[in-house]
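Residue-level structure breakdown
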Amino acid sequence: MGLKSQLGWLMRGGDRTAAALSVLAADLRALQEKVARIDDELLAQRAAGDIRLMREEIEALRDQVRTAVDDLGDRLGLLTERLNSGS
């Protein structure tokens, strides 16, 4: 690098470097904000998925309770018939 190039960089290079860094810093901030929005959206989707999963689990439990109650009702009906028939 010659003396003229060095002087040119000293006069304009620092400003150009600062300007380039400023643009890169702004781009980095924009990217960080975009990543934060994506993280928020993923958390919201996960929460919604967890709620859907909980609803599915609750519905499965309801089905199990219905089945158990039906079975118990059938057993009580059979027991009542036995008692009434005297066997």
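Because the structure is a prediction, the values reported are computed rather than measured. (Residues numbered from 1 in each chain as written. Predicted model: local features only at pLDDT ≥ 70, side-chain atom pairs only at ≥ 80, totals over all residues. Heavy atoms only, no water.)

1. Thoughts on the overall build of the protein chain
Across its full length, the protein chain carries 1 helix and 0 strands. For 87 residues, the compact-globule estimate of 2.2 N^0.38 gives 12 Å, and the protein chain exceeds it by more than 25% at 37 Å. Expressed as lengths along the three principal axes of its C-alpha atoms, the size of the protein chain is roughly 120 × 20 × 5 Å. Within the span of the protein chain, comprising 87 residues, buried residues form 2% of the whole. Summing over all exposed atoms, the protein chain offers an accessible surface of approximately 8,000 Å²; the carbon and sulfur share of this is 61%. Within the protein chain, the 15 negative side-chain charges are centred at a point lying 13 Å from the centre of the 13 positive side-chain charges. (Helix = DSSP H or I, 4+ residues; strand = E, 2+ residues; numbered from the N terminus. Rg over C-alpha atoms; globule rule 2.2 N^0.38 Å. Buried < 20%, exposed > 50% of the residue type's maximum accessible area, 1.4 Å probe, protein only. Areas by Shrake-Rupley, 256 points an atom, 1.4 Å probe, with all protein chains shown as cover. Lys, Arg positive; Asp, Glu negative; His and termini not counted. Charge placed at Lys NZ, Arg CZ, Asp CG, Glu CD.)

2. Observations concerning the UniProt feature "coiled-coil region" (unreviewed entry) in the protein chain
The positions UniProt marks with the feature "coiled-coil region" (unreviewed entry) are residues 21–71. Across residues 21–71 one finds 100% helix and 0% strand; the C-alpha atoms that close the span lie 74 Å apart. (UniProt positions renumbered as here; feature names shortened; annotations may be inferred.)

3. Details of the pattern of salt bridges
Summed over all chains, the structure comprises 4 salt bridges. With a shortest N-O distance of 3.7 Å, E59 and R66 are connected by a salt bridge. Its relative accessible area of 35% is what places E59 among the partly exposed residues. One salt bridge connects D63 with R66, and the closest N-O pair in it is separated by 2.9 Å. On the criterion of helical spacing, the pair formed by D63 and R66 is a turn pair, its members being 3 residues apart in helix α1 (residues 3–85). Via salt bridges that share partners, E59, R62, D63 and R66 belong to a single interconnected network. (Salt bridge = Lys/Arg side-chain N within 4 Å of Asp/Glu carboxyl O.)

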